[in-house]
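Residues per chain, in single letters:
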Amino acid sequence: MLSRENVTREALSALEAQRAANLMEEKRRREEAEEKSPAVRELIARRQKLFFSGMRGAFASPDKAKEISANMQQEMERLNAELRKALNACGLAQDYLQPVYRCRECRDTGYVGEPVHEMCACLKRAVMNRLYQSEGLQGLERENFAAFDESIFPDIPIEGRKSTQRGYINKIRKRCEEYADSFDTGEGKGLLLCGKSGLGKTFLMNCVAQRVLERGFSVVVISAYKLIETMRRFQFGEDGSEQVQDMLACDLLCIDDLGSEPMLRGITVSSLYHIINERRNANRAIVVTTNLSPEQLDNTYDQRIGARLYDTSRMQIFEFIGEDVRRTKR
Ligand SMILES: [Zn+2]
């Protein structure tokens, strides 16, 4: 795993690039507006002149600086009001020439707060997504809805059902995509993707993660195995407290292959319960894939975990059925 310091450094230099891009965009907008409207051009020129003359005046007569700056401010406000009108008149938004930021909270500096300097939510999110993209989200870029290939699923009826496997998986894919497109924080609605191996559960989970990530939310994708390993290290005080925090605090936590993790006494069940329950109480969503049936789930862990995962008021449950496509492919 990449170190958090390196990833933070990377995220900060991405913000630096963003600030440079913002300045370019401001310049481009100004040129566009000036091109469109001579009135805008004239007002910008007047505003600039006023600004420099005010500065010169203030330097020349420091005793009058206060008066000069008050006058200047008044005049500046008048010019800005005219400018807003002129922008509107040529079909541009009133605030078209305001500073451009991607994040209004920190103005793309990555930090907020006075006097206590804190990481902005956008920087935290960027760090988290970089950290987990480097590891948990391996191949995630390849696994997205656009890359979903229905042709690998046999177009023959599933035993005992009307639908073919392809028709069936397409329905699930559609629902998953709708979920990812309407995902929002504070709702705590999750997905449980269950069924045997090789039916596309992990692929679709990654598609959801990728889409939610693209929409600007923080996403942690982690295998159940890795999750328990992290919890074990954390419990023994080795490290992992930040990862545990991420798993609790991210907008969407995706746990892959629940049931494949080692059963460590005093760790596995209680960690899973803790994470699932904490997130539920905070209305934070989870997506889980598992090969386990509800009964197996209850037998493996404890009924409180099963009850939460199969709670249809919070979870959409999709059962994957059909033939193992990895086997048929080979
Ligand atoms: Zn920010």
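Model, not experiment: these values are computed from the prediction. (Residues numbered from 1 in each chain as written. Predicted model: local features only at pLDDT ≥ 70, side-chain atom pairs only at ≥ 80, totals over all residues. Heavy atoms only, no water.)

A. How the structure looks around the packing of aromatic side chains. Across all of its chains, the model carries 4 aromatic pairs by this definition. With a centroid separation of 6.2 Å and an interplanar angle of 55°, the aromatic rings of Phe148 and Phe203 are classed as tilted. Of the two residues, Phe148 is situated in the loop between α4 (121-133) and α5 (165-182) and Phe203 in helix α6 (residues 201-214); the sequence distance between them amounts to 55 residues. Phe148 gets classed as buried once you look at its relative accessible area, which sits at 13%. Both rings, one in Tyr179 and one in Phe183, keep their centres 6.1 Å apart while their planes meet at 65°; by these two values the pair is edge-to-face. Looking at Tyr179, the relative accessible area reads 6%, which means it is buried. Phe183 gets classed as buried once you look at its relative accessible area, which sits at 3%. In this structure, Arg304 is placed above the aromatic ring of Tyr273, and the distance from its NZ or CZ to the ring centre is 3.8 Å. (Phe/Tyr/Trp six-rings, centres within 6.5 Å; stacked < 30°, edge-to-face > 60°. Helix = DSSP H or I, 4+ residues; strand = E, 2+ residues; numbered from the N terminus. Buried < 20%, exposed > 50% of the residue type's maximum accessible area, 1.4 Å probe, protein only. Lys NZ or Arg CZ within 6 Å of the ring centre and 35° of its normal.)

B. Inspection of empty space enclosed by the protein at higher detail. Enumeration over the complete set of coordinates arrives at 2 cavities of 30 Å³ or more. Every residue lining the largest cavity is listed: Gly188, Gly190, Ile276, Arg279, Arg280, Arg284, Ala285, Ile286, Arg308, Arg314 and Met315. Those elements giving two or more residues to the lining of the largest cavity turn out to be α9 (268-281) and β6 (285-290). Among the elements that take part in the lining of the largest cavity, α9 stands out by supplying 3 residues, more than any other. For the lining of the largest cavity, the per-class residue count stands at 4 nonpolar, 2 polar and 5 charged. Reported here for the second largest cavity is a volume of approximately 40 Å³. Examining the composition of the lining of the second largest cavity, we find that 4 residues originate from one element, α5, more than from any other. Across the lining of the second largest cavity, the residue classes break down as 7 nonpolar, 1 polar and no charged. (1 Å grid on protein atoms, 1.4 Å probe; cavity = no way out; pocket = protein on both sides within 12 Å on 5 of 7 lines; lining within 4 Å. Points joined across faces, edges and corners; volume = space filled by probe spheres on them. Nonpolar A, V, L, I, M, F, W, Y, C, P; charged D, E, K, R; others polar.)

C. Quick peek at α6. Its 14 residues give α6 an end-to-end C-alpha distance of 20 Å, which sits within 8% of 20 Å, the value for a rise of 1.5 Å per residue. Counting buried residues along α6, 11 of its 14 residues qualify, which places the element largely inside the surrounding structure. Positive phi shows up at Gly216, right after α6, with a value of about 95°. (Expected span 1.5 Å × (residues − 1).)

D. Layout of the environment of Arg104. Summarising the element assignment, Arg104 is placed in the loop between α3 (65-89) and β1 (111-112). With a relative accessible area of 67%, Arg104 lands in the exposed category. The spatial distance from the C-alpha of Arg104 to the C-alpha of Asn22 is 12 Å, given a sequence separation of 82 residues.

E. Local environment of the domain arrangement of the protein. What the domain assignment lists for the protein is domain 1 (4-112) and domain 2 (135-329). Of note, the centres of domain 1 and domain 2, computed from C-alpha atoms alone, are 46 Å apart. (Domains from an automatic or database assignment.)

F. Main features of the coordination of the zinc ion. Distances from the zinc ion to its protein donors, Cys103 (SG), Cys106 (SG), Cys120 (SG) and Cys122 (SG), fall within 2.2 to 2.3 Å. Around the zinc ion sit 4 donor atoms, and with donor-metal-donor angles ranging over 105 to 112° the site reads as tetrahedral. Here the donor residues of the zinc ion share one chain and are spaced in sequence as C-x2-C-x13-C-x1-C. Pair noted here: Cys103 is in the loop between α3 and β1 and Cys120 is in the loop between β2 (118-119) and α4, with a separation of 17 residues, a long-range link. In this pair, the class of Cys103 matches that of Cys120, namely buried. (Donors = N, O, S within 2.8 Å, 3.2 Å for Na, K, Ca; no water. Tetrahedral: all angles 85-135°; square planar, octahedral: opposite > 155°, others 65-115°.)

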